[in-house]
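# Geometric and topological summary
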Amino acid sequence: MMVSEKPWVLALRALKLGDALVAVPALRALRTAFPDHRVVLAAPPELRPLVDRIGGIDLLPVRDLDGPLPPCAPDTAVNLHGAGPRSSELLAALSPARRIGHRGPGWPGPEWVEDMPERERWCRLLREHGIAADGTDLHLSDPEHPGPAPGTVVVHPGAAYPSKRWPAERFAAVARWLRDRGERVVLTGTEAERPLTARVAALAGLPPERDLAGRTGLDDLMRLVAHARHVLCGDTGTAHLSYAFGVPSTVLFGPVPASRWGPPANGPHRALSADGPRRGDPFRAVPDPALLGVTVPAVLHALAEQLID
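Residues numbered from 1 in each chain as written. Predicted model: local features only at pLDDT ≥ 70, side-chain atom pairs only at ≥ 80, totals over all residues. Heavy atoms only, no water.

### What to know about the packing of helix α6 (residues 168–180) against helix α12 (residues 296–306)
Geometry of a packed helix pair, given as the angle between the helix axes and the separation of the axes. Relative to each other, α6 and α12 sit at 35°, their axes nearing to 10 Å. Where α6 crosses over α12, the two elements pack in a sense that is right-handed. Within the contact between the two elements, α6 uses R170, A173, V174, W177 and L178 and α12 uses V296, V299, L300, L303 and A304. Residues of the contact of α6 with α12, tallied by class, amount to 9 nonpolar, no polar and 1 charged. (Axes fitted to C-alpha atoms, helices over the stretch in contact; angles between N-to-C directions. Helix = DSSP H or I, 4+ residues; strand = E, 2+ residues; numbered from the N terminus. Left-handed = near helix turned anticlockwise from the far one by under 90°. Contact = heavy atoms within 4.5 Å. Nonpolar A, V, L, I, M, F, W, Y, C, P; charged D, E, K, R; others polar.)

Here's what the structure looks like:
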């Protein structure tokens, strides 16, 4: 990254799509609080299309915390990555004039609170450091072009970890119900998730061209979600895109409750989960009981209420 003549603020959040989207209100607050600075987000390079849509934020491509950060000191370093030692050490090594983060060795700030909404976590952090921040400032403007399948119901059956994946057979049953009622259904996913989406498509009786897994980069996915009729998925980055674009969605929660990572209040979204049996381990190799407790009839009921012409 070229060093700017302007003073600059470096915010670190070297995580995935959903993690970046919950940080949008905090990033916008930094942009407002430092009008004469260059505001830079250190995040994975594939997030560039999203960063470009936040407004006034530059991207420093870093894959993870193994990365080196630039060998020059920012005016202010902001730890939006977490409260662990590695992220704090990486930023402290830059010798910034000011540090904004949770309390830890060499870092003044508020104590980390585990059980709170993720968008509010980072806004609270900034407010504790004297920076006004509004957790509801999460919306992105609709992309100009509608993308590959406007007006469809987007079904995204995959998730980063098995604990967050509702069974393929259940997604297929819902997709078939949507198809039978005349909805245009498309499936999305990564290249690695193509076997999963192919199975859902086959069980649901969807033609192969409705399976877009591996064929939509982030820019296409944003356009697809922004112009969708509805989004059905688990607790994933695709869900957070539906929140950011204000697109109605039905989101299925498992190991992590909706109170932490769910949609904003009063939006066109339904969060479904069987909270009682939650195990709470997002890295397990099987779906969380809270996710398995969400039945196909419960999802169909939610969709029937929302998909009203």
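### Some words on the pairing of strand β6 (residues 153–156)
A two-sided burial pattern is seen for β6, the buried positions comprising V153 and V155 on one face and V154 and H156 on the other. In terms of strand pairing, β6 meets strand β7 (residues 185–187) through 3 bridges, oriented parallel. If you follow V153 over to β7, its bridge partner there is V185. Bridge analysis of β6 against strand β8 (residues 230–234) gives 4 bridges, and the strand direction is parallel. Across the sheet, residue V155 finds its bridge partner in β8, namely L232. (Buried < 20%, exposed > 50% of the residue type's maximum accessible area, 1.4 Å probe, protein only. Pairing = 2+ DSSP bridges.)

### Regarding the packing of aromatic side chains
In this structure the tally under the stated criterion is 3 aromatic pairs. The interplanar angle of 70° and the centroid separation of 5.9 Å between the aromatic rings of W112 and W122 together place this pair among those described as edge-to-face. On the criterion of sequence distance, the pair formed by W112 in the loop between β5 (98–100) and α5 (118–128) and W122 in helix α5 is long-range, its members being 10 residues apart. A relative accessible area of 31% places W112 in the partly exposed class. Here W122 falls in the buried class, since its relative accessible area comes to 0%. Between the aromatic rings of W166 and F171, the centroid separation amounts to 5.1 Å while the plane-to-plane angle is 90°, which identifies the pairing as edge-to-face. Just above the ring of W107 sits the side chain of R99; from NZ or CZ to the centre is 5.5 Å. Taking the ring centre of W112 as reference, the NZ or CZ of R121 above it sits at 4.1 Å. (Phe/Tyr/Trp six-rings, centres within 6.5 Å; stacked < 30°, edge-to-face > 60°. Lys NZ or Arg CZ within 6 Å of the ring centre and 35° of its normal.)

### Some points on the sheet that holds strand β2 (residues 38–43)
Read from one edge to the other, the open sheet built from 5 strands follows the order β3-β2-β1-β4-β5, with strand pairing classed as parallel. The strands lining the two open edges of the sheet, one partner per strand, are β3 (57–61) and β5. Each strand axis lies, on average, 25° off the axis of its neighbour in the sheet, ignoring direction. Examined bridge by bridge, strand β1 (residues 8–12) and strand β4 (residues 76–79) share 4 bridges and lie parallel to one another. Across the sheet, residue A11 finds its bridge partner in β4, namely V78. Across the sheet, helix α2 (residues 24–33) is in contact with β1, β2, β3 and β4; its angle to β2 comes to roughly 155°.

### Side note on the environment of H37
Locating H37 in the fold gives a position in the loop between α2 and β2. Taking C-alpha positions, H37 is 5.1 Å from P7, a pair spaced 30 residues apart along the chain. If near-sequence neighbours (up to four positions away) are discounted, H37 is found in contact with K6, P7, W8, V9, R31 and D75.

### Thoughts on the pairing of β2
Counting buried positions along β2 yields 5 of 6 residues, so the element is predominantly enclosed. Bridging between β1 and β2 involves 5 bridges; their strand directions are parallel. Paired with L12 across the strands is A42, a residue of β2. Both β2 and β3 contribute to a ladder of 5 bridges, which runs parallel. Counted as the bridge partner of A42 is L60 from β3. Crossover connection from β2 via helix α3 (residues 48–54) to parallel β3: handedness right-handed. (Right-handed = clockwise from strand over helix to strand, strands pointing away.)

This is a description of form; function is not addressed.
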